[in-house]
Amino acid sequence: MVWRPTLPTKDSSQRLDVRKTYKLYVGGAFPRSESGRSYVVSDAKGKFLANASQASRKDGRDAVVAARKAFGGWSARTAYNRGQVLYRIAEVMEGRHEQFSSEVASSEGLSISKARAVVDASIDRWVWYAGWADKLAQVVGSSNPVAGPYFDFSLPEATGVVAVLAPQDSSLLGLTSVIAPAIVSGNTVVAVTSFERPLPAVTLGEVMATSDVPGGVVNILTGSASEIGPWLASHSDVNAIDLAGISDHEEATALEAASAENLKRVRRPAEEDWTESPGLSRLTQYLELKTVWHPIGL
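Numbering of residues begins from 1 in every chain and follows the order in which that chain's sequence is written. With pLDDT at 70 or above as the cut-off, local features in this predicted model cover only qualifying residues; side-chain atom pairs require 80 or more to be listed or tallied, and sums for whole chains, interfaces and linings still use all residues. Side-chain measures were taken over the full set of non-hydrogen atoms in the model, leaving aside hydrogen atoms and water.

A short note on the overall build of the protein chain
Logical step 1: Here a strand is any run of E in DSSP of at least two residues, a helix any run of H or I of at least four, and the numbering for each starts at the N terminus. In terms of helices and strands, the protein chain carries 10 helices and 11 strands.
Logical step 2: The C-alpha radius of gyration of the protein chain comes to 21 Å, within 12% of the 19 Å expected for a compact globule of 298 residues.
Logical step 3: For the C-alpha atoms alone, the extent of the protein chain along its principal axes is close to 95 × 40 × 40 Å.
Logical step 4: We call a residue buried when its accessible area falls under 20% of the maximum for its residue type, exposed when it is over 50%, and partly exposed in between, using a 1.4 Å probe and counting protein chains only. In the protein chain, which comprises 298 residues, the proportion classed as buried is 46%.
Logical step 5: In this description, contact between two residues means that some pair of their heavy atoms is separated by no more than 4.5 Å. Sequence separation of 24 or more characterises 76% of the internal contacts of the protein chain that already satisfy a separation of 6 or more. Between the two quantities, the radius of gyration covers C-alpha atoms and the globule rule is 2.2 Å times the number of residues to the power 0.38.

This is how it looks when you write it as structure tokens:
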């Protein structure tokens, strides 16, 4: 007797669910958590969506290593080129608009029309920051008047590796609003996603991998900010930390104190409307100003 496979029926209800376990995004690759842990991600109504890797402190350290390795090359690129890369992210997101809309709708409990508006705003925000890439030095830098035969210029430079504890409620627009300003000026990022709503962030990692973003410039960890945050705050090779996703005052204070041990820049959490114009505060948060003196006539 010869066995022949049964062809699938036209009734889609007969199909088995393809349940995906999403991985981390570190150094341009998609590793599993070294701890082997994962957790269930549900939609706003409690229905199963997927499994997500639960990052550990070791994953956080690996992400910092990847971010530090990428920093030199990324910060050395021209501002115009970094703007092009951010614009490419927006282009690839546009091509995956429906996927992002579906994930935002299910994660945040929005109607599909409102979710599409969120995705539109997220894409527009990447374009907005891309436009600032080669204009930031003119706005933030200066030519300083001095007494003496010297030229004196102050120029912005990237701070280094920035840890981002992403907003918990705004799974895509909020995430974009904290990652984009950090990388546009030449910093690299280790981002811990919303714990309950990580899927848009993981898809954003897939966009990064298929855009022109060098591996390690953006690293995305799914899991608990309360677990990974203290290790990022105390890590001596992290230069700044954004506590946007921390709502508990005592936890934010503890992270700020841990950051003070190594003189890390801290952006404290605040009530923010992510739909509003972002302004320049997050752009300037992760900049150092270098002042150069040059003799006149030599």
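Structural notes on the sheet that holds strand β3 (residues 48-53)
Think of a sheet as strands paired side by side through backbone hydrogen bonds, with each pair either parallel or antiparallel.
Logical step 1: Strand pairing follows a simple DSSP-based rule, namely that at least 2 bridges must link the two strands. If you trace the 3 strands from one edge of the open sheet to the other, you get β1-β3-β2, paired in mixed fashion. Looking along the sheet, the strands with just one partner apiece sit at the ends: β1 (21-22) and β2 (38-42).
Logical step 2: The pairing of β2 with β3 spans 5 bridges and is classified as antiparallel. Among the inter-strand pairings, valine 41 is bridged to a residue of β3, identified as alanine 50.

A closer look at the environment of valine 140
Logical step 1: Looking at the secondary structure, you find valine 140 in helix α5 (residues 136-140).
Logical step 2: Residue valine 140 is classed as partly exposed on the basis of its relative accessible area of 23%.
Logical step 3: Taking the C-alpha atoms as reference, valine 140 lies 35 Å from alanine 29; in sequence the two are 111 residues apart.
Logical step 4: Beyond its immediate sequence surroundings of up to four residues, valine 140 is in contact with Pro156, Thr284, Leu287 and Leu289.

Some words on the packing of helix α3 (residues 97-108) against helix α4 (residues 112-132)
Logical step 1: Put simply, α3 and α4 touch, their axes get as near as 8 Å, and they point 120° apart. Judged on the interaxial angle alone, α4 and α3 are oblique. In terms of crossing hand, the pair formed by α3 and α4 is right-handed. Residues His97, Glu98, Phe100, Ser101, Ser102, Val104 and Ala105 of α3 lie in contact with α4, whose contacting residues are Ile112, Ala115, Arg116, Val118, Val119, Asp120 and Ile123.
Logical step 2: For the contact of α3 with α4, a count of residues per class yields 8 nonpolar, 3 polar and 3 charged. Interaxial angles span 0 to 180 degrees and are taken between N-to-C directions of axes, which are lines fitted to C-alpha atoms, for helices over the stretch in contact. Between 65 and 115 degrees an angle is taken as roughly perpendicular, under 35 as roughly parallel, over 145 as roughly antiparallel, and anywhere else as oblique. By the definition used in this description, the sense in which the near helix is turned from the far one sets the handedness, with an anticlockwise turn below a right angle giving left-handed and a clockwise turn giving right-handed. Residue classes follow a fixed rule: Ala, Val, Leu, Ile, Met, Phe, Trp, Tyr, Cys and Pro count as nonpolar, while Asp, Glu, Lys and Arg count as charged, and any other residue, Gly among them, counts as polar.

Section: the sheet that holds strand β4 (residues 142-143)
Logical step 1: Read across the sheet, 3 strands follow the order β4-β5-β11 without closing on themselves; strand pairing throughout is antiparallel. Looking at which strands have only one partner, the edges of the open sheet turn out to be β4 and β11 (287-295).
Logical step 2: The sheet contact formed by β4 and strand β5 (residues 150-158) spans 2 bridges and is antiparallel. The partner of serine 142 across the bridge, within β5, is serine 154.

Brief notes about the pattern of salt bridges
Logical step 1: Whenever Lys or Arg places a side-chain nitrogen within 4 Å of a carboxyl oxygen from Asp or Glu, that contact is recorded as a salt bridge. One pass over the structure, following the stated rule, counts 11 salt bridges.
Logical step 2: Here glutamate 206 makes a salt bridge to arginine 96, at a shortest N to O gap of 2.7 Å. Of the two residues, glutamate 206 sits in helix α7 (residues 199-209) while arginine 96 sits in the loop between α2 (79-95) and α3, which places them 110 residues apart along the sequence.
Logical step 3: Classification of glutamate 206 by relative accessible area gives buried; the value is 17%.
Logical step 4: Members of the salt-bridge network, linked through shared partners, are Asp242, Glu272 and Arg282.

Looking at a nonpolar patch on the surface
Logical step 1: Each patch is built from residues lacking any salt bridge and having more than 30% relative accessible area; the joining distance is 9 Å for like charges and 5 Å for nonpolar side chains (Val, Leu, Ile, Met, Phe, Trp, Tyr). We get accessible surface area from the Shrake-Rupley algorithm with a probe of 1.4 Å; when it comes to residues, only the shown protein chains can shield them. A cluster of nonpolar side chains, namely Phe151, Phe153, Leu155, Val292 and Ile296, defines an oily patch on the protein surface of about 400 Å² accessible area.
Logical step 2: Relative to the assigned elements, leucine 155 resides in strand β5.
Logical step 3: Judged by relative accessible area, which is 39%, leucine 155 ranks as partly exposed.

Focus on the side chain of threonine 188
Logical step 1: Position of threonine 188 among the secondary structure elements: in strand β7 (residues 188-192).
Logical step 2: The residues contacting threonine 188, other than those within four sequence positions of it, are Ala67, Arg68, Ala70, Phe71, Trp74, Gly160, Val161, Val162, Gly216 and Val217.

Some details on the packing of aromatic side chains
The description of two aromatic rings rests on the distance between their centres and on the angle between their planes.
Logical step 1: Note on aromatic contacts: the rings of Phe and Tyr and the six-membered ring of Trp form a pair at centre separations within 6.5 Å, being stacked when their planes are under 30 degrees apart, edge-to-face when over 60 apart, and tilted otherwise. Counted according to the given criterion, the structure contains 4 aromatic pairs.
Logical step 2: Measuring from centroid to centroid gives 4.3 Å for tyrosine 39 and phenylalanine 195, while their planes differ by 5°, and the two rings are stacked. Here tyrosine 39, found in strand β2, pairs with phenylalanine 195, found in the loop between β7 and α7; they are 156 residues apart in sequence, far enough to count as distant.
Logical step 3: Linked through ring pairs, Trp128, Tyr129 and Trp132 together constitute an aromatic cluster.
Logical step 4: A cation over an aromatic ring shows up here: arginine 68 above the ring of phenylalanine 71, its NZ or CZ 5.6 Å from the ring centre. Only lysine NZ and arginine CZ atoms are considered, and such an atom sits over a ring when it is within 6 Å of the ring centre and within 35 degrees of the ring normal.

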